[in-house]
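# Structural description and commentary
Residue-level listing of the chains:
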Amino acid sequence: NIDFANGFWGSYKQYLEEEKNFAPDVVNKLDRLTDSILDNLFDPTEKVKVNKKGLVVGQVQSGKTANYTGLICKASDAGFGLIIVMAGIHNNLRSQTQIRIDESFLGFDTQHTRAFNQQSIKIGVGKPGFGKSNVAHSLTSSLEKGDFTQGAANALGLNFHTKEPIIAVIKKNPHVLRRIYQWLAAKADEDTELSRVIRNKALLLIDDEADNASSKISNDPERQSSINGWITQ
């Protein structure tokens, strides 16, 4: 009973058709694929602890970014409240990915403002004619140095427990991963034997190019790599 047509997905679908000139068959295939992936996740509205992992494989230039952007839109419509995209190990790739998210999901230019307000510079799905009335917030910006910091996130004055989705596009870097982990740990409202838990917000964590830097490898086979350790936490 999710209203995708009037949600983030509806705006993104129209944007692909009218702005990006995607062929109807391509958009329909993207619709089916993202439905299938979403169906294999979990119901974010259920107040239960769930940990599911999956792998989506695509060839070079096969539309992987368009695919996971569509998934982000549908997941937000379904009720996932926190989305973290891990994009590459360098600032330029992370910044490029953020620009794609700005255009296709947020609808405003994070390089100029990250708090959604009337002064935001509307781009992509946020421009008139794409029917976007849904609001999302970004903890990161498309600036080269716009990666996650606790200071920038706190400066937004954002209510973390908002029903509107919150997204962060971050590098696969141990220092960045540690910062966002510590920031989230401070938001937790329940302690378990293993970790601190945020009960009322479902997380969608997308690892772009999961074979790059994320694998559990290090020079010492007995040790977990730093990046893999923070991703796991």
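See above for the structure.
Residues numbered from 1 in each chain as written. Predicted model: local features only at pLDDT ≥ 70, side-chain atom pairs only at ≥ 80, totals over all residues. Heavy atoms only, no water.

### A few points about the packing of helix H1 (residues 8-18) against helix H3 (residues 64-78)
Close contact between H1 and H3 brings their axes to 7 Å; oriented N to C, the two are set at 150°. Classified by the angle between their axes, H1 and H3 sit roughly antiparallel to one another. On H3, the residues that touch Phe8, Trp9 and Tyr12 of H1 are Ala66, Thr69, Gly70, Cys73, Lys74, Ser76 and Asp77. Looking at the contact of H1 with H3, its residues break down into 5 nonpolar, 3 polar and 2 charged. (Axes fitted to C-alpha atoms, helices over the stretch in contact; angles between N-to-C directions. Helix = DSSP H or I, 4+ residues; strand = E, 2+ residues; numbered from the N terminus. Parallel < 35°, antiparallel > 145°, perpendicular 65-115°, else oblique. Contact = heavy atoms within 4.5 Å. Nonpolar A, V, L, I, M, F, W, Y, C, P; charged D, E, K, R; others polar.)

### Section: the layout of surface pockets
Of the voids in this model, the second largest pocket is the one considered here, and its volume is about 880 Å³. The wall of the second largest pocket is formed by 30 residues, among which Ser62, Gly63, Lys64, Thr65 and Ala66 lie closest to the centre. When contributions to the lining of the second largest pocket are tallied by element, the ones reaching two or more residues are H1, helix H2 (24-39), H3 and helix H4 (91-106). In terms of residues, the lining of the second largest pocket owes the most to one element, H4, which gives 6 residues. Of the residues that constitute the lining of the second largest pocket, the class distribution is 14 nonpolar, 9 polar and 7 charged. (1 Å grid on protein atoms, 1.4 Å probe; cavity = no way out; pocket = protein on both sides within 12 Å on 5 of 7 lines; lining within 4 Å. Points joined across faces, edges and corners; volume = space filled by probe spheres on them.)

### Digging into H1
Taken together, the buried positions of H1 are Phe8, Trp9, Gly10, Ser11, Tyr12, Tyr15 and Leu16. For H1, the elements touching its buried residues are H2, H3 and H4. (Buried < 20%, exposed > 50% of the residue type's maximum accessible area, 1.4 Å probe, protein only.)

### Here we look at the packing of aromatic side chains
Each aromatic ring pair is characterised by the separation of its centres together with the angle its planes make. The full count for this structure, using the stated rule, is 7 aromatic pairs. Taking 5.6 Å as the distance between ring centres and 85° as the angle between the ring planes, the aromatic pair formed by Phe160 and Trp183 counts as edge-to-face. Here Trp183 lies in helix H6 (residues 174-185) and Phe160 lies in the loop between helix H5 (150-155) and strand S3 (166-170), a separation of 23 residues in the sequence. Taking relative accessible area as the criterion, Phe160 reaches 4% and is therefore assigned buried. A relative accessible area of 6% means that Trp183 is categorised as buried. Just above the ring of Phe4 sits the side chain of Lys74; from NZ or CZ to the centre is 5.5 Å. Directly above the aromatic system of Phe160 lies the positively charged group of Lys201, at a separation of 5.1 Å from the ring centroid. (Phe/Tyr/Trp six-rings, centres within 6.5 Å; stacked < 30°, edge-to-face > 60°. Lys NZ or Arg CZ within 6 Å of the ring centre and 35° of its normal.)

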